[in-house]
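Survey of secondary and tertiary structure
The residues making up each chain are set out below.
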Amino acid sequence: MPPEVQEVWTGPVISCVDLNAFYSSCEELRNHTLKGKSHAVIMTDQHKGLITKGVVSTCSYEARKYGIKSAMPLSEALSLNPNLILLPVDISYYRQVFKKVRGVLEKFADVLEQASVDEAFLDCTIKRGNDQPEDYAMKIKNTVKSECDLLCSIGVTSTKASSKIAADYRKPDGLTVVYPYNLKGFLESLAVSTVGGIGPQTQKKLMEKGIETLGQLATYDVQKLIQEFGINGKWMWNVANGIYEEPVIPRGDHISIGTESTLVRHTRNKDKIK
């Protein structure tokens, strides 16, 4: 909901744009008969129609209703839905699709940072003009839909890390806008695992200290975090407190996923948030 009239946005306006079920959505773009069906993109060296092994890279939301998810072995996915339509991963094609999306996003951004093959950060501080952040974000969503025929979820906050959390908050086709004055309140009840960059080992160490939520992390002694985790300790504390920790940096043309192991790691990381 928009803030009360007396509340105004202060600081940067950072948007995270996450294309929903991107690989599967790309496959639907070139084969419209897939829409509404249970299908999955498989990380495999086998060709379409001959796929017998591999790992699920991503899948349609219809497939997810069966419990199928990213990084799942193909055999397990087929046990959940024997009629699952299988498609081989085609990174070069997905890059072509995102190139078009990127062209759309660049029109809305002061600075654009491509974070992965299906995600980007936009600094919209200046270009949004007099638009309310939620209205500007809706323009982005509608333009991606109309010009690229793709759905995306967008999170808008005053920091990169929290905008990513906000983008993951409602999916698919979600929009979450958190004004700076309410950012700490939004974050405090969320698990530390919602932060990209806080992996399982760090989560385990934090839990040993009694830290399970971002609210608990925000109130923990930052010096003790630095002693334990180094510079990452300060970064985590900043994220939990909604402090502007890093700018949007123009990069992304070189984003590459060149090996099977890298893609599998990517899909594992993306699974819980797509």
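The rules we used
Residues numbered from 1 in each chain as written. Predicted model: local features only at pLDDT ≥ 70, side-chain atom pairs only at ≥ 80, totals over all residues. Heavy atoms only, no water. Pairing = 2+ DSSP bridges. Helix = DSSP H or I, 4+ residues; strand = E, 2+ residues; numbered from the N terminus. Axes fitted to C-alpha atoms, helices over the stretch in contact; angles between N-to-C directions. Core = buried A, V, L, I, M, F, W, Y, C linked by side-chain atoms within 4.5 Å. Buried < 20%, exposed > 50% of the residue type's maximum accessible area, 1.4 Å probe, protein only. Contact = heavy atoms within 4.5 Å.

**Some details on the sheet that holds strand β2 (residues 39-43)**
One open sheet holds the 3 strands; their spatial order is β3-β2-β4, and the pairing between them is mixed. Single-partner strands in this sheet number two, and they are β3 (55-59) and β4 (85-88). For this sheet, the mean angle separating the axes of adjacent strands, direction not counted, is 40 degrees. Across 4 bridges, the pairing between β2 and β4 is parallel. In the sheet register, alanine 40 faces β4, and the bridge partner there is leucine 86.

**A few points about the nonpolar core**
Ranked by internal contacts, the top residues of the largest apolar core, which has 36 residues, are Phe22, Tyr94, Leu105, Leu122 and Ile140. Those elements giving two or more residues to this core turn out to be β1 (14-19), α1 (22-30), β2, α4 (91-106), β6 (119-123), α5 (133-148) and β7 (152-157). Looking at this core, the element that brings in the most residues is α4, giving 8 residues. Dropping the residues within four chain positions of it, leucine 122 is found in contact with Val13, Ile14, Ser15, Val17, Leu105, Phe108, Ala109, Val111, Leu112, Ile140 and Val248. Ala161, Leu183, Leu217 and Leu225 belong to the second-largest nonpolar core, a separate cluster that totals 24 residues.

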